[in-house]
Amino acid sequence: MATLIDYIWQSTFCLLFFFGVYFVFLRNEKAFKATRFFILLTPILAMLFPLISIPVSFDKPGISLEQTEFFRALTIQSTPDDFVATFGLPEVTVQSSKLPLLWEIKDYLIFFYLTIIFLLSFRLFWNFVQLRMIWERGWYQTKFNLKHNYFLIPTFGLTPIFSYFNKLFWDDTQELKTHEKEQIIKHEIEHIRQGHSWDVMYYQILSIIFWFNPAIHLMRSALIDVHEYLADENVIRKSQNSENYPKLIVKMAFKGIDLPIGNYFIRSTTLKRIMMMKNPKKINWLKTAMVVPLSLMLLALVSMKTETGKILPFSITENIEEIKKMLLVSQDSLEVGIKVKKLKTPLHYEYISARDNERLTAQIGELQYEFSGIRSDEDYIKVRGLINNLRTTSKITKSYPNARFKHQVDTPAEPAMGMEEWNKSIITQIDVPKDELDLGLGGVIEIEFVVSKEGEVQNPIIKRSYGGGVDKQILEVVLKESQNKWKAARFNEKPVDMVLTASFAFYGSAMSSTDSHRFFNSSPTPALNSNFEITENTVFDVVEKAPEFEGGIEAWNEWIKSNIQYPKTAKQMGVEGTVYVVFVINKDGTIDQPEILRGIGAGCDEEVLRLISKSPDWIPGQHRGQKVNVRMRLPVRFKLPSDQFVSESLSDGNPAKASEAFNKHMSINLKYPLEAQNNKEFGTVFTRVHLDENGKIKSYSITKGVSPILDDEVFRVLENAPNWKVNGKENSYIVNFPVTFRIGGQQTMGQILNMENEVVVTGYFAEDRSPFSKIKMYETEKIQSSDPLFVIDGVAYPELGRKLDNMVKPEQIKTVEVLKGEKANSLLHLYGSRVGNGVILITTKN
């Protein structure tokens, strides 16, 4: 979009420039053929000049918008995201026949542009229809002139006299003398002979496509004038009574409809035509020839591009798969969302943004990482540590064709105040956030910039990022007027542009090992190190050719599905999740050293190790033409069927169920704390209970709570709760059951999900119970869900997930609205922090 707008602006400028050349140098000259050629050619030149790129090594002015903030902002907004990978962000799909249709500004602009084109095209089509009707009306009286090869068609006074290609439409109601009639016919024959109708149609099409360009309409009007001058010139040259011809023009007047696709004997150019005929001056060829150098000057202005520094990617495509593996492994200790996308034109070497609303963006080379769900300082420290590890995965270089480096000049550039004072001045103006230093995230920031031959700092960029908002600060400070006074570098006693780098260190008293948090072993990465020596026992993380399973990744996935077994204990406990395993594929293809990086327990870790140990041999990886040992990382996901959403142990036929005594104990002793009611706290507390072989409660814990008050109430009642019923022969059982605190007649999670043995406690607010004004969600730190929040008719259901069909059927839905970003965050005061994952508002027909 930004490139298109820049092209439109440049082509419009070019055509306006050409019209200015015509207006100053050609408008009053009698070089009509040259002028006609110029007017026909310039639209093509105006469209071509912006597309031509002539690289030059010197600085020059230009008209492109590329260096403007508007263009950069539009480029960032319109560039599609080239996502490399997404981690920790589950896909949410909402299906409805009534989803809203969202248009962006560019969609409205395109619609408006096409609408105008349609209207103008329809008008042109209607002109053709009218022309056809006039032709058919006078068909039987039409005469064909063999000498001049044209049809003479009577119009019966409907239109003035005009010509269209080889058809001359004649107004037979005009009372004209014989010589007047001959002069008019000669004038129109010149239009036909010189093919002026082709010119008119050419500009008609341009005027429709580029209707927004005022220069097109100005040039079209100029072309009509030139057509009339050409025809008049030939009539006067061939007529004996040429002095009467201007009088004939004055005598004629408009009559009937006017079709813009024809060449009319009389138009609003009457006065211009008479003045041109009376002009005794000869053609000023010197003035006319000025068109050529001016056109070349425009070509230089628009098409010559100064070569500036370009950021070039280095060995990035071969490492993307390895980066994906690294990020996947990081999920064992970092539960945040990560999106990775490739940037086409990165501005900086690195750039780490400040943490804002649980989000952070880091550009490393040509890859940009978007982190979300950073809920604590610990998460933030881990994210910064991960960014440190990723610094070597993407490298870019920047070239400066018109600038020299320090070793290439006689006298390097330096600040007017001196380099030492300049450094001190920069540091004193930077306000490093205290939180960054307290968390031990101090470090070094390095910038790169050009000092021009005029002694000005230009194009500062971040070479090594600090983050925490410091990057933005330092770029602004460097460009301040007080810091922007330098002595230019000199080479051969002449001032030249010079590239400089400057580093600044910011450390706090709390520096610790947290800054060097590591997710990966510091194993060698020979793919990026050409001097690394390969030994017999070297294990690679990155190789030129990765190991492959026989038949490819699809065959590997099929083998896993066919051989893996869901542990019985995990099923009984309702354990789900992803086990991350690392292993080495030896140079002979065998698998060795399997280890669990992150497990979920309940027998799943052991099952993955068993599976990996029985894997068939792989095709070994290669580096520099040799077979080598390669470390692989693999995620194995365990997921129960969706109908076992809360706990498999609560469905019919399972060995453990709540006894009548237990349910009675809960119903008698479980209270809805008044403080929680006044605070409008409600929801479902999901509790996990560990039973012995007799059903006695050995221990219990909350897997997902609502608030400290309600969680403590559940703990209080469970302390002396009776035994459960057990029918199996196991030594112990783990069961889950929900305790729901609801307000008034709210529907509970058990009703939504068909859960058995749900314990429900009902309370009532003292104030107004309007769900739209009073609903709030309270979450404990244990809640890590990244699912969107469902709100049905104003009531929030945070645990609904994929059980939507159990709550509402598609035919019952009236409207569905999906809210993200700022729109979702505007509901924070109503529904709590879960809105950060998005909100799905559903309104039913009832």
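(A) Representation of the pairing of strand β16 (residues 443-451) within the structure. Most of β16 is tucked away: 7 of the 9 residues are buried. Two elements, β16 and strand β21 (residues 498-506), share 9 bridges in a ladder whose sense is antiparallel. If you follow Gly443 over to β21, its bridge partner there is Phe506. Bridge count between β16 and strand β17 (residues 457-464): 5 bridges; the pairing is antiparallel. Of the residues in β17, the one forming a bridge with Glu446 is Arg464.

(B) Expanded view of the sheet that holds β16. One open sheet accounts for 3 strands, arranged β17-β16-β21; its pairing is antiparallel. Each of the sheet's edge strands pairs with one partner strand only, and the pair in question is β17 and β21. Put simply, the sheet's adjacent strands are angled 25° from each other on average, direction ignored. The sheet contacts of helix α14 (residues 419-428) involve β16 and β21, and relative to β21 the element is tilted by about 50°.

(C) Spotlight on the nonpolar core. Core analysis: the biggest nonpolar cluster contains 30 residues, and Tyr22, Phe38, Ile39, Phe49 and Met219 have the highest contact counts within it. Not counting residues up to four positions away in its chain, the partners in contact with Met219 are Leu15, Phe19, Phe38, Ile39, Thr42 and Tyr203. Ranked by size, the runner-up nonpolar core spans 29 residues in total, among them Ala656, Ile697, Val739 and Val759.

(D) Quick look at helix α16 (residues 470-478). Along α16, the positions that sit buried rather than exposed are Val470, Asp471, Ile474, Leu475, Val477 and Val478. Across the axial projection of α16, the buried residues extend over an arc of 165°, all falling on one side. Check the buried side of α16 and you find it contacts β11 (350-352), α14, β16, β17 and β21.

(E) Inspection of helix α20 (residues 660-669) at higher detail. Of all the residues in α20, the buried ones are Phe662, His665 and Met666. End-on view of α20: buried residues confined to an arc of 95°, all on one side of the axis. Along α20, the residues that are exposed and aim more than 90 degrees away from the buried face are Glu660, Lys664 and Ser667.

(F) Region of the structure containing the pattern of salt bridges. This model, assessed by the stated rule, comprises 12 salt bridges. Arg355 is paired through a salt bridge with Asp377; the nearest N and O atoms lie 3.1 Å apart. Residue Arg355 is located in the loop between β11 and β12 (359-364), and its partner Asp377 is located in helix α13 (residues 377-390); the two are separated by 22 residues in the primary sequence. We note a salt bridge from Arg384 to Glu436, for which the minimum N-O separation is 3.1 Å. Linking Arg384 in helix α13 with Glu436 in helix α15 (residues 434-438), this pair joins segments that are 52 residues apart in sequence. Under the relative-accessibility criterion, Glu436 is labelled buried at 6%.

(G) Region of the structure containing the packing of helix α1 (residues 2-26) against helix α7 (residues 214-238). Where α1 contacts α7, the two axes come as close as 8 Å, and the packing angle between them is 30°. Classified by the angle between their axes, α1 and α7 sit roughly parallel to one another. In this structure, α1 crosses over α7, and the sense of that crossing is left-handed. For the pair formed by α1 and α7, the contact residues are Thr12, Leu15, Leu16, Phe19 and Tyr22 on the first element and Pro214, Ala215, Ile216, Leu218, Met219 and Ala222 on the second. Here the contact of α1 with α7 is composed, by residue class, of 10 nonpolar, 1 polar and no charged.

(H) Quick peek at the packing of aromatic side chains. Within the structure shown, the criterion is met by 33 aromatic pairs. Note on Phe144 and Phe151: the rings are 4.8 Å apart at their centroids and 55° apart in plane angle, and the pair reads as tilted. When its relative accessible area of 23% is taken as the criterion, Phe151 is described as partly exposed. Between Phe165 and Trp198, the ring centres sit 4.8 Å apart and the planes meet at 80°, which makes this aromatic pair edge-to-face. With a gap of 33 residues between them, Phe165 in the loop between β5 (162-164) and β6 (167-170) and Trp198 in helix α6 (residues 196-209) connect regions that are remote in the sequence. Among the aromatic residues, those joined into a ring-pair cluster are Phe112, Tyr113, Phe210, Trp211 and Phe212. Seen from the ring of Phe23, Arg27 lies directly overhead, with NZ or CZ sitting 4.0 Å from the centre. Over the ring of Tyr380 we find Arg355, and its NZ or CZ is 4.3 Å from the ring centre.

The rules we used
Residues numbered from 1 in each chain as written. Predicted model: local features only at pLDDT ≥ 70, side-chain atom pairs only at ≥ 80, totals over all residues. Heavy atoms only, no water. Buried < 20%, exposed > 50% of the residue type's maximum accessible area, 1.4 Å probe, protein only. Helix = DSSP H or I, 4+ residues; strand = E, 2+ residues; numbered from the N terminus. Pairing = 2+ DSSP bridges. Axes fitted to C-alpha atoms, helices over the stretch in contact; angles between N-to-C directions. Contact = heavy atoms within 4.5 Å. Core = buried A, V, L, I, M, F, W, Y, C linked by side-chain atoms within 4.5 Å. Arc of directions from axis to C-beta. Salt bridge = Lys/Arg side-chain N within 4 Å of Asp/Glu carboxyl O. Parallel < 35°, antiparallel > 145°, perpendicular 65-115°, else oblique. Left-handed = near helix turned anticlockwise from the far one by under 90°. Nonpolar A, V, L, I, M, F, W, Y, C, P; charged D, E, K, R; others polar. Phe/Tyr/Trp six-rings, centres within 6.5 Å; stacked < 30°, edge-to-face > 60°. Lys NZ or Arg CZ within 6 Å of the ring centre and 35° of its normal.

As far as function goes, none of this settles anything; it's purely spatial.
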